[in-house]
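# Coordinate inspection notes
Here is how the chains run, residue by residue.
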Amino acid sequence: MTRQFQLLADQAFARTAGAPLVGGNAVRLLKDGNENYPAWLEAIQKAQHWIHFETYILHDDTIGKTFAEALCERARAGVKVRLLVDWLGSLMKSGPGFWRTFAKAGVDARSFGYPTIDSPLGWVSRDHRKTLVVDGRIAFVSGLCVGDEWLPNPKTGREAQRDTGVRIEGPAVADVEAAFAEAWSTTGDRIPSHELPAAPSIAACGDVALRVIPTIPATAGVFKLDQLVASVARETLWITDAYFVGVSAYIRALIAAAQDGVDVRMLVPGTVDVLGVGAMSRSGFRALLEGGVRIFEWNGPMVHAKTAVADGKWARVGSSNLNITSWFGNWELDVAIEDEGFGGQMMEMFEQDLQNSTEVVLKARKLYSVERRKQPRIEDWRRHGRSTTRAAAAGAIRMGRTLGAAITRRREVGPAEAINLFWSSLIFLGLGVLALFVPKAISLPFGTIAVWFAVAGLFQSWRLYAHETRREPAERVEDAREAPHPGRSRHA
């Protein structure tokens with residue numbers, strides 16, 4: 001019976017995540033920049049054939065220059081180096097001179113999602129992945145970008161951001177390579193097939209089984225997986241998240257698990273580096289606490305990790321935050337590891353993190369910390385200048401969904417959503433007053449956007465039609481053969 005249940009569970013995980021379970025891997029847990037960055041640099045320095053590096057932010061700072069020098073050195077040595085960064089994420093984090101060094105060295109550096117006249121909303125979906133693959137033999141998946149804030153500074157006393165990553169060797173590396181190739185293809189030419197090894201061609205390096213989950217906008221693979229894990233956890237479910245703004249379905253799943261006797265704990269930042277996210281996150285705490293979920297706030301400058309571990313047997317590490325932007329809007333990549341040894345390491349690391357955190361409890365009508373915080377919780381939106389786009393998008397969508405639910409009564413709006421309902425109603429009231437008394441303030445922007453969208457659509461349709469008519473029939477057949485699975489369609 002146990003074996004049959006395991007098979008059914010494996011099938012459910014595979015269909016939910018859209019990713020098969022791949023065995024024969026060696027996985028190493030890496031904590032913070034002090035463990036991740038040296039391992040990344042060592043792999044880069046040993047590269048012989050190609051390097052595929054994908055990151056949301058690449059800072060032009062001390063550690064950023066170290067990585068730039070390492071990548072450029074390998075490119076000059078004849079290694080094919082492909083670097084993919086998010087345009088918005090890296091905006092104002094590095095200047096033109098920084099990128100010219102890559103071009104001079106022969107590094108193929110590209111930006112994902114920069115705005116163009118024919119794609120007005122192309123910048124909305126971000127490439128939030130953080131992966132590094134070398135020679136098709138070793139891969140790194142994490143929540144870390146590249147910047148000094150992920151390292152401590154003894155001179156100034158600055159603490160490093162708390163983050164988590166993994167080092168993977170074995171057949172699963174092929175799935176990380178394929179995910180990079182899919183994102184890379186949206187920015188120009190595709191990667192040659194000989195640089196994308198199939199899983200059977202990579203020798204087994206261990207006995208760890210894992211799933212590589214590369215999500216693209218609207219697929220919601222990690223969202224479905226997170227809900228499934230909350231449903232099947234029997235003893236423990238410990239979660240660490242940097243920008244938690246949970247939707248009602250996920251909050252209900254956590255509460256249901258806690259009320260069923262599962263030890264559900266969440267570790268979130270006490271100090272949030274994106275304006276507004278802390279307030280939105282805490283607005284959902286009451287419902288969770290009343291439902292039996294324990295919440296802890298990190299006492300350090302920022303916990304940036306995105307991890308979960310259930311029953312000490314299943315763990316997730318990667319780039320996906322628990323909010324609408326990550327679940328439904330971004331390109332993300334996580335690995336779900338099914339191994340008791342690794343799960344034990346994750347639980348031990350979580351317990352260590354709790355030593356530097358403060359538990360949040362309910363007292364009367366307010367939220368209180370169990371003990372005095374080591375430093376005040378300040379949403380320092382100026383520190384390091386991280387973009388607030390993800391937070392704004394998540395908050396706007398959540399407020400819109402709350403207002404829609406309240407008006408249509410398609411579901412009950414809980415007390416934890418009162419703040420979202422208040423602000424969304426206030427925003428609509430302001431827009432309504434503006435439309436009544438200053439109609440041009442609404443009509444002119446709307447008309448401009450409508451014309452822009454129409455021109456962009458006409459331009460793209462003409463370009464696609466012209467391209468199709470110029471191609472030979474043989475080329476059309478070849479493209480049809482190479483087209484991706486419908487569930488993994490490429491987005492330009």
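Here the structure is a predicted model, which is why all the values come from computation and not from measurement.

### Some thoughts on the overall build of the chain
- Check the secondary structure of the chain and you find 15 helices and 16 strands.
- Here the chain holds 492 residues, and 50% of them are scored as buried.
- A separation of at least 24 residues holds for 81% of the contacts in the chain among residues at least 6 apart in sequence.
- Of the roughly 23,200 Å² of accessible surface on the chain, a fraction of 59% belongs to carbon and sulfur atoms.

### Considering the packing of aromatic side chains
- One pass over the full model with this rule turns up 14 aromatic pairs.
- With a centroid separation of 5.2 Å and 40° between ring planes, the pair formed by Trp99 and Phe102 is classed as tilted. Pair noted here: Trp99 and Phe102 are both in helix H4 (residues 96–105), with a separation of three residues, about one helical turn.
- The class of Trp99 is partly exposed, set by a relative accessible area of 22%.

### Here's the deal with the pattern of salt bridges
- Counted according to the given criterion, the structure contains 18 salt bridges.
- The shortest N-O distance in the salt bridge between Asp86 and Arg126 comes to 2.9 Å. Here the residue Asp86 occupies a position in strand S3 (residues 80–86), and Arg126 occupies one in the loop between strand S4 (108–112) and strand S5 (131–134), the gap between them amounting to 40 residues.
- For Asp86, a relative accessible area of 0% gives the class buried.
- Each of Lys31, Asp32, Arg162 and Asp353 takes part in a single network of salt bridges with overlapping partners.

### Section: the pairing of strand S12 (residues 307–310)
- Taking every second residue as pointing to the same face, both faces of S12 are buried, with Thr307 and Val309 on one and Ala308 and Ala310 on the other.
- Bridge count for strand S9 (residues 236–240) against S12 is four bridges, and the pairing is antiparallel. Each residue of the ladder has a partner; that of Ile239, found in S12, is Ala308.
- One ladder, built from four bridges, connects S12 with strand S13 (residues 314–318); its direction is antiparallel. For Val309, the partnering residue across the bridge sits in S13 and is Ala315.
- Taking the residues between adjacent antiparallel strands as the criterion, S12 and S13 are bridged by three residues, where Asp311 takes a positive phi near 55°.

### Describing the nonpolar core
- Membership of the largest hydrophobic core comes to 40 residues, with the highest contact counts inside it found for Leu237, Tyr250, Leu254, Met266 and Leu288.
- Contributing elements (two or more residues each) for this core: helix H1 (2–17), helix H6 (221–232), S9, helix H7 (248–259), strand S10 (263–269), helix H9 (285–290), S12 and helix H10 (324–329).
- No other element matches the seven residues that H7 contributes to this core.
- When sequence neighbours within four positions are dropped, the list of residues in contact with Tyr250 reads Phe223, Asp226, Gln227, Ile239, Phe244, Leu322 and Trp327.
- Listed in part, the 37 residues of the second largest apolar core include Leu41, Ile51, Ala75 and Cys145.

### Here we look at helix H11 (residues 340–354)
- The end-to-end C-alpha distance of H11, which contains 15 residues, comes to 21 Å, matching closely the 21 Å that a straight helix rising 1.5 Å per residue would cover.
- Among the residues making up H11, those that are buried are Phe342, Gly343, Met346, Met347, Met349, Phe350, Asp353 and Leu354. Along the axis of H11, the buried positions cluster into a sector of 165°, meaning they face one direction only.

### Thoughts on the packing of H6 against H7
- Contact geometry for H6 and H7: axes closest at 9 Å, N-to-C directions at 20°. The pairing of H6 with H7 is recorded here as roughly parallel in orientation. When the axes of H6 and H7 are compared, the crossing they make is left-handed. Contacts between H6 and H7 pair Phe223, Asp226, Gln227 and Ala230 from the former with Ala249, Tyr250, Ala253, Leu254 and Ala257 from the latter.
- When grouped by side-chain class, the residues that make up the contact of H6 with H7 number seven nonpolar, one polar and one charged.

Cut-offs applied
Residues numbered from 1 in each chain as written. Predicted model: local features only at pLDDT ≥ 70, side-chain atom pairs only at ≥ 80, totals over all residues. Heavy atoms only, no water. Helix = DSSP H or I, 4+ residues; strand = E, 2+ residues; numbered from the N terminus. Buried < 20%, exposed > 50% of the residue type's maximum accessible area, 1.4 Å probe, protein only. Contact = heavy atoms within 4.5 Å. Areas by Shrake-Rupley, 256 points an atom, 1.4 Å probe, with all protein chains shown as cover. Phe/Tyr/Trp six-rings, centres within 6.5 Å; stacked < 30°, edge-to-face > 60°. Salt bridge = Lys/Arg side-chain N within 4 Å of Asp/Glu carboxyl O. Pairing = 2+ DSSP bridges. Core = buried A, V, L, I, M, F, W, Y, C linked by side-chain atoms within 4.5 Å. Expected span 1.5 Å × (residues − 1). Arc of directions from axis to C-beta. Axes fitted to C-alpha atoms, helices over the stretch in contact; angles between N-to-C directions. Parallel < 35°, antiparallel > 145°, perpendicular 65-115°, else oblique. Left-handed = near helix turned anticlockwise from the far one by under 90°. Nonpolar A, V, L, I, M, F, W, Y, C, P; charged D, E, K, R; others polar.

None of this, on its own, says anything about what the molecule does.
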